[in-house]
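# Results of the structural survey
Chain by chain, the residues run as shown.
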Number of protein chains: 2
Amino acid sequence: MSSHPHDQLAPDQQEQLVSLMRGLGTRTVLYQQNVAASLGLYNNDLKSVDILRETGPITAGELSKITGLATGSVTALIDRLEKVGYVRRANDPNDRRRVILVPEYEYKEEVGNTYRPLHQSMHELASSYTDEDLDLITQFIGKASAILEEQIKQLNVKKSKSSS
Amino acid sequence: MSSHPHDQLAPDQQEQLVSLMRGLGTRTVLYQQNVAASLGLYNNDLKSVDILRETGPITAGELSKITGLATGSVTALIDRLEKVGYVRRANDPNDRRRVILVPEYEYKEEVGNTYRPLHQSMHELASSYTDEDLDLITQFIGKASAILEEQIKQLNVKKSKSSS
DNA sequence: ATCAAATATCTCGATCATCGAGATATTGAG
DNA sequence: CTCAATATCTCGATGATCGAGATATTTGAT
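The structure displayed is predicted, hence computed values, not measured ones. (Residues numbered from 1 in each chain as written. Chains lettered and ligands numbered in written order. Predicted model: local features only at pLDDT ≥ 70, side-chain atom pairs only at ≥ 80, totals over all residues. Heavy atoms only, no water.)

## Things to note about the pattern of salt bridges
Two side chains carrying opposite charge are able to pair once their charged atoms lie near each other. Taken as a whole, this structure holds 20 salt bridges over all chains when the rule is applied. Of the charged contacts in the structure, one is a salt bridge between E149 of chain A and R27 of chain B, with a shortest N-O distance of 2.7 Å. Of this pair, E149 of chain A sits in helix α6 (residues 131–162) while R27 of chain B sits in helix α1 (residues 10–39), placing the two residues on different chains. Exposure remark for R27 of chain B: the relative accessible area of 14% places this residue in the buried category. One salt-bridge network, held together by shared partners, links D92, D95, R97 and R98 of chain A. (Salt bridge = Lys/Arg side-chain N within 4 Å of Asp/Glu carboxyl O. Helix = DSSP H or I, 4+ residues; strand = E, 2+ residues; numbered from the N terminus. Buried < 20%, exposed > 50% of the residue type's maximum accessible area, 1.4 Å probe, protein only.)

Below is the structure:
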């Protein structure tokens with residue numbers, strides 16, 4: 001399908017990839033929302049769990065910066081997550097103002113169970129490639145991820161600028 | 001780097017990719033949220049604009065199903081998007097109950113402008129690959145996207161089941 | 001030491017997107 | 001023609017989020 005024999009040139013190929021990436025993005029957002037609902041969490045709560053999973057323990061303020069939520073919202077968010085055992089408040093011995101958030105979802109199987117079918121399918125997809133190809137793809141994903149991170153930073157910069 | 005000579009086996013490589021994909025997902029969600037804020041839209045409003053962009057005109061009810069929002073919420077959402085000119089309500093000549101949502105953001109340059117830096121970077125990234133490699137990557141992204149779509153469906157099925 | 005400014009988190013009233021149940025309009029089947 | 005099904009909208013209730021101020025702690029200057 002997608003009628004592009006060899007008479008078609010590269011720019012179009014790039015366009016196709018970028019378009020697919022965009023579609024992947026839309027689906028990712030919808031998927032995340034569905035996972036949250038499935039776990040009985042609010043979107044931002046699951047988002048925070050995912051962030052903590054990647055960063056490890058961070059302070060409430062750092063979570064506020066990353067998520068873009070007001071500090072008051074983060075306080076309430078932590079209360080909710082703590083109540084259901086996804087996270088724990090810990091003291092920073094060096095600065096008693098700070099609240100360190102320690103992920104505790106290792107004990108919560110639900111998260112793993114919910115993500116499992118996706119991971120399973122991804123593993124299956126991955127196993128259909130040679131080591132070499134997988135390397136190529138992995139590097140691409142890593143670079144795409146870095147680009148996104150950079151773009152998020154840029155948008156935040158613009159946000160602060162426009163409010164000055 | 002990443003010390004995995006040839007004595008290391010595939011599963012680890014797969015793990016790395018899946019982990020990276022997850023990180024990509026988290027960043028995608030954060031990015032989307034930042035774009036929405038930057039455009040002065042609510043998350044679900046931008047989500048809907050993106051959906052409409054991909055699907056073309058659909059009914060209010062279909063948007064409700066895709067986004068998972070209640071019909072009453074979609075009504076308000078459309079009101080907001082219509083007010084700022086991202087979308088237009090049209091009649092379905094065959095069924096006068098229906099409201100068809102027609103995307104109108106071609107006239108809105110802001111969306112394109114906001115996404116542009118990301119697209120630019122993605123194009124740059126894409127242009128660093130050979131046609132062959134790009135093909136491989138494109139196919140992978142397409143498959144990953146299809147997997148996500150399937151997983152979203154599965155989660156919706158479980159949702160309906162558990163409420164019976 | 002002392003004090004003021006800066007920083008981190010929390011509190012709390014206000015706002016507003018979302019829900020969900022019911023209202024309204026339309027279609028389709030019998 | 002009537003009734004059930006369907007599509008959208010209305011509207012009161014709920015609750016996440018905001019944002020300004022309160023509290024506690026740290027830091028730096030004097």
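Past the structure itself, the notes keep going.
## So, the sheet that holds strand β1 (residues 58–59) of chain B
Residue and element names in this part refer to chain B. Across the sheet, 3 strands lie side by side as β1-β3-β2; this open sheet has antiparallel pairing. Strands at the two margins of the open sheet, each flanked by one partner only, are β1 and β2 (87–91). In the sheet, β2 pairs with strand β3 (residues 99–103) via 5 bridges, with the strands oriented antiparallel. Its bridge partner being in β3, A90 is matched across the sheet by I100. Along the sheet, helix α4 (residues 71–83) contacts β2 and β3; its crossing angle with β2, the most-contacted strand, is approximately 115 degrees. (Pairing = 2+ DSSP bridges. Contact = heavy atoms within 4.5 Å. Axes fitted to C-alpha atoms, helices over the stretch in contact; angles between N-to-C directions.)

## Here's the deal with the relation of the copies chain A and chain B
Placing chain A over chain B gives an RMSD of 0.0 Å and needs a rotation angle of 180 degrees, together with 0.0 Å of translation along the axis. Here the transformation between the copies is reduced to the relation of a two-fold axis. Distance from the rotation axis, computed per C-alpha, reaches its smallest value in chain A at V29 of chain A: 2.7 Å. (Least-squares fit on C-alpha atoms with pLDDT ≥ 70 in both.)

## Looking at the protein's contact with DNA strand D
As a structural note, the neighbourhood of DNA strand D is formed by 20 residues, with Y42, N44 and S73 of chain A together with G61 and R97 of chain B the closest of them. Among all atoms of DNA strand D positioned within 4 Å of the protein, those belonging to sugar or phosphate total 69%. With respect to DNA strand D, the side chain of N44 of chain A contributes an N or O atom lying 2.4 Å from a phosphate oxygen. A distance of 3.2 Å separates a phosphate oxygen of DNA strand D from a polar backbone atom of A60 of chain B. (Near = heavy atom within 4 Å. Polar contact = N/O pair within 3.5 Å; in protein donor to acceptor, adjacent residues only side chain to side chain.)

## Quick notes on the interface of chain A and chain B
At the junction of the two partners, chain A supplies 70 residues and chain B supplies 70 residues. For the pairing of chain A and chain B, the buried interface totals around 7,100 Å² over both sides, and the portion due to carbon and sulfur atoms is 67%. The largest per-residue losses of area from chain A upon contact with chain B belong to R22, R27 and L148 of chain A, which jointly make up 10% of the total buried on that side. Linking chain A with chain B are 6 salt bridges. For R27 of chain B, the salt bridge is made with E54 of chain A, and the minimal N-O distance between the two is 2.6 Å. The tally of links from chain A across to chain B stands at 17 residue pairs in polar contact (both at pLDDT 80 or more). Secondary-structure elements contributing two or more residues to the side of chain A that touches chain B are α1 (10–39), α2 (43–55), α3 (60–67), α5 (109–126) and α6 of chain A. The leading source of residues in the side of chain A that touches chain B is α1 of chain A, at 24 residues. Per-class residue counts for the side of chain A that touches chain B are 30 nonpolar, 26 polar and 14 charged. (Buried area = accessible area lost by both parts, 1.4 Å probe. Nonpolar A, V, L, I, M, F, W, Y, C, P; charged D, E, K, R; others polar.)

## A word on the packing of helix α3 (residues 60–67) of chain B against α4 of chain B
Residues and elements named next belong to chain B. Axis separation between α3 and α4 bottoms out at 9 Å; the angle between their running directions is 110 degrees. One element, α3, and the other, α4, form an angle in the roughly perpendicular class. Taken as a pair, α3 and α4 cross one another with a handedness that is right-handed. Of the residues in α4, those touching α3 at A60, L63 and S64 are T71, V74, L77 and I78. Each residue belonging to the contact of α3 with α4 can be placed in one class, and the counts come to 5 nonpolar, 2 polar and no charged. (Parallel < 35°, antiparallel > 145°, perpendicular 65-115°, else oblique. Left-handed = near helix turned anticlockwise from the far one by under 90°.)

Function-wise, these values are silent; they only describe arrangement.
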